Amino acid sequence: MDKKKIETFRKQLEQRQADLRKIVARTEQDGREADVGTAQDIADRAANSYTKEFLFHQSNNERQLLQSVEIALSRISEGVFGECINCGNDINPKRLEAVPWTRYCIACQEKLEQGQLEEANS
Ligand SMILES: [Zn+2]
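Residues numbered from 1 in each chain as written. Predicted model: local features only at pLDDT ≥ 70, side-chain atom pairs only at ≥ 80, totals over all residues.

*Asks:* Would you mind showing me how to read the overall build of the protein chain here?
*Replies:* Counting its secondary structure elements, the protein chain contains 4 helices and 0 strands. The globule rule puts the C-alpha radius of gyration for 122 residues at 14 Å, and the 19 Å found for the protein chain is more than 25% above it. Taking the principal axes of its C-alpha atoms as reference, the protein chain extends roughly 60 × 35 × 20 Å. Within the protein chain, buried positions represent 12% of all 122 residues. Sequence-distant contacts, at least 24 apart, represent 57% of the contacts inside the protein chain between residues at least 6 apart. (Helix = DSSP H or I, 4+ residues; strand = E, 2+ residues; numbered from the N terminus. Rg over C-alpha atoms; globule rule 2.2 N^0.38 Å. Buried ≥ 20, exposed ≤ 12 C-beta atoms within 10 Å, placed from the backbone. Contact = placed C-beta atoms within 7 Å.)

What follows is the structure, encoded as structure tokens:
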């Protein structure tokens, strides 16, 4: 992939990383605030723990995405960005434009989703 293109992806990813960091920090803050203010009755308490549960799952998703974005950025600095981590083929540029943090080409992604492929750790 040419350097200009990679630079565009890097900017996108850095922007996304900054946004996600803000969201993750804010969700953690909200989670703490949900603890403050003693709930009076069972309904309040249930609502409160539901909110916390919801915030927790939401921040988990954001955190996972943030991790993927950070891995993508380190793959750019390693010079392997845009290569499928499994088969080494180039990932379709259209796919990268839609999901710049993806590490798999479409064929391997399908295998992964069908359970035919073990998720790589790095
Ligand atoms: Zn592949």
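*Asks:* Please explain helix α2 (residues 42–78) as it appears in this structure.
*Replies:* Three- or four-residue spacings in an α-helix give side chains the same orientation, since the helix completes a turn every 3.6 residues. Look at α2: 53 Å from first C-alpha to last across 37 residues, which is about the 54 Å you get at 1.5 Å a residue. Backbone geometry just downstream of α2 places Gly-79 in the positive-phi region, at approximately 75°. (Expected span 1.5 Å × (residues − 1).)

*Asks:* What am I meant to see in the environment of Ala-107 here?
*Replies:* Secondary-structure assignment places Ala-107 in helix α4 (residues 106–113). Judged by local crowding, Ala-107 falls into the partly exposed class, with 14 C-beta atoms found within 10 Å. Here the alpha-carbon distance between Ala-107 and Cys-87, two residues 20 residues apart in the chain, equals 9.4 Å.

*Asks:* In this structure, what is going on with the domain arrangement of the protein chain? I would like to understand it.
*Replies:* One frequently used descriptor of interface size is the decrease in accessible area upon assembly of the parts. Considered domain by domain, the protein chain is made up of domain 1 (1–81) and domain 2 (82–122). Using only C-alpha atoms to locate each centre, domain 1 and domain 2 end up separated by 22 Å. Counting residues at the interface gives 9 residues for domain 1, matched by 5 residues for domain 2. Contributing elements (two or more residues each) for the side of domain 1 that touches domain 2: α1 (3–35) and α2. Residue composition of the side of domain 1 that touches domain 2, grouped by class: 7 nonpolar, 2 polar and no charged. (Domains from an automatic or database assignment. Nonpolar A, V, L, I, M, F, W, Y, C, P; charged D, E, K, R; others polar.)

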